[in-house]
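Each chain, letter by letter, is given below.
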Amino acid sequence: MKRVLVVEDEEAIREFEVINLQRSGYDVVDTDNGESALELFDRYNRDFDLAVLDIMLPGIDGMKVCKELRKRSDTIGIILLTAKTQEMDKISGLMLGADDYITKPFSPSELVARVDALYRRVALNIMRSNNKFNEEIKFGEFVLNLKNRALKKRGRVIELTQVEFQIMEYFFSNPSTVLSRTQILEHVWGSGKQGEEKIVDVNIRRLRMKIEDNPSVPQHIITVWGMGYKWEN
Ligand code: CA
């Protein structure tokens, strides 16, 4: 069962999302406002794989819903819907724990492609956490647990979103290797995001806040000017 929560106040757009996601095999729960979205999330025992949230909503807006959902679930995949003019909303939305965004207007195939891509990531992580193996990657004072997606630094747990975990796993699989922003973008978000390298930078900034002793003088996630980023111990 692939269950997605759709929050959109414009009825025509909401129906468009519901129909297209249902056609693609999703069990869709939809609502036109943020308050009932949070209620529904709890009423279904938080049993959602994904949420597609419009940012501009009456009452609690999509950003706030995103923040609340992320508080209640580390594993849910969250996609924000944004108008072209809301450039800053994209960035701050990602900072609040969204995994991806879609710019309005969007086609059915774009919607379904993005939702499918994020679902695959979420499902992979759930499969991993249900698996018996408990593989860890250790680097200096860091331990990345691939089973429960936990990162520890000097024994202290650092909470990661899906996207942050995937970036860390990519770094840990390629230590001391320069990874371009485009490579990171494609590895984590899949194809179809060309030109959106800025979201890599946003997530790197957020990761540095979490893992670096001094985020403005990073010792681990190093910027290689004109090339990308690399992981160093
Ligand atoms: Ca709206």
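Per chain, residues are indexed from 1 in the order of the written sequence. Totals for whole chains, interfaces and linings use every residue, but because this is a predicted model, local features are given only for residues with pLDDT of at least 70 and side-chain atom pairs only at 80 or more, for both listing and counting. In computing side-chain properties, one takes all heavy atoms of the structure into account and sets aside hydrogens as well as water.

Caption draft 1: Quick look at the layout of surface pockets. When its volume is computed, the largest pocket comes out at roughly 220 Å³. What counts as a helix is a DSSP run of H or I of at least four residues, what counts as a strand is a run of E of at least two, and both are numbered from the N terminus. Those elements that provide at least two residues to the lining of the largest pocket are α3 (62–72) and α8 (198–211). Sort the elements by how many residues they give to the lining of the largest pocket and α3 lands first, with three residues. In this classification, Asp, Glu, Lys and Arg are treated as charged, Ala, Val, Leu, Ile, Met, Phe, Trp, Tyr, Cys and Pro as nonpolar, and every other residue, Gly included, as polar. Of the residues belonging to the lining of the largest pocket, the class tally is three nonpolar, two polar and eight charged. Grid spacing is 1 Å over the protein atoms alone, the probe is 1.4 Å, and a cavity is where that probe fits but cannot get out, while a pocket is an open set with protein on both sides within 12 Å along at least five of seven lines and lining residues have an atom within 4 Å of a point. Grid points are joined across faces, edges and corners, and a volume is the space filled by probe spheres set on the points.

Caption draft 2: Geometry of the sheet that holds strand β3 (residues 50–54). A sheet is described by the order of its strands in space; here five strands give the open sequence β2-β1-β3-β4-β5, paired in parallel fashion. Edge strands, defined here as strands with exactly one partner in the open sheet, are β2 (27–31) and β5 (100–104). Adjacent strand axes in the sheet meet at a mean angle of 20° when their direction is disregarded. Across five bridges, β3 lies against strand β4 (residues 77–83) in parallel orientation. Opposite valine 52, over in β4, you have isoleucine 79 as the bridge partner. Working rule for contacts: check all heavy atoms of both residues, and any pair within 4.5 Å makes them a contact. Angles here are taken between N-to-C directions and fall from 0 to 180 degrees, while the axes themselves are lines fitted to C-alpha atoms, restricted in helices to the stretch in contact. Of the strands in this sheet, β1 (3–7), β2, β3, β4 and β5 are in contact with helix α1 (residues 11–23), which crosses β2 at around 170°. Criterion used throughout: strands pair if DSSP finds at least two bridges between them.

Caption draft 3: Representation of the nonpolar core in the model. One finds Phe171 and Phe172 to be the most contacted residues of the largest nonpolar core, which totals 49 residues. Every residue in contact with phenylalanine 172, bar those within four places of it in the chain, is listed here: Ile137, Phe139, Phe142, Leu144, Leu151 and Trp231. We call a set of buried residues a nonpolar core when its members are Ala, Val, Leu, Ile, Met, Phe, Trp, Tyr or Cys and they connect through side-chain atoms within 4.5 Å of each other. Each residue is assigned to one of three classes by its accessible area relative to the maximum for its type, calculated with a 1.4 Å probe on protein chains only: buried under 20%, partly exposed between the two thresholds, exposed over 50%. Core analysis: the next-biggest nonpolar cluster, separate from the first, contains 17 residues, Tyr26, Val28, Leu50 and Leu111 among them.

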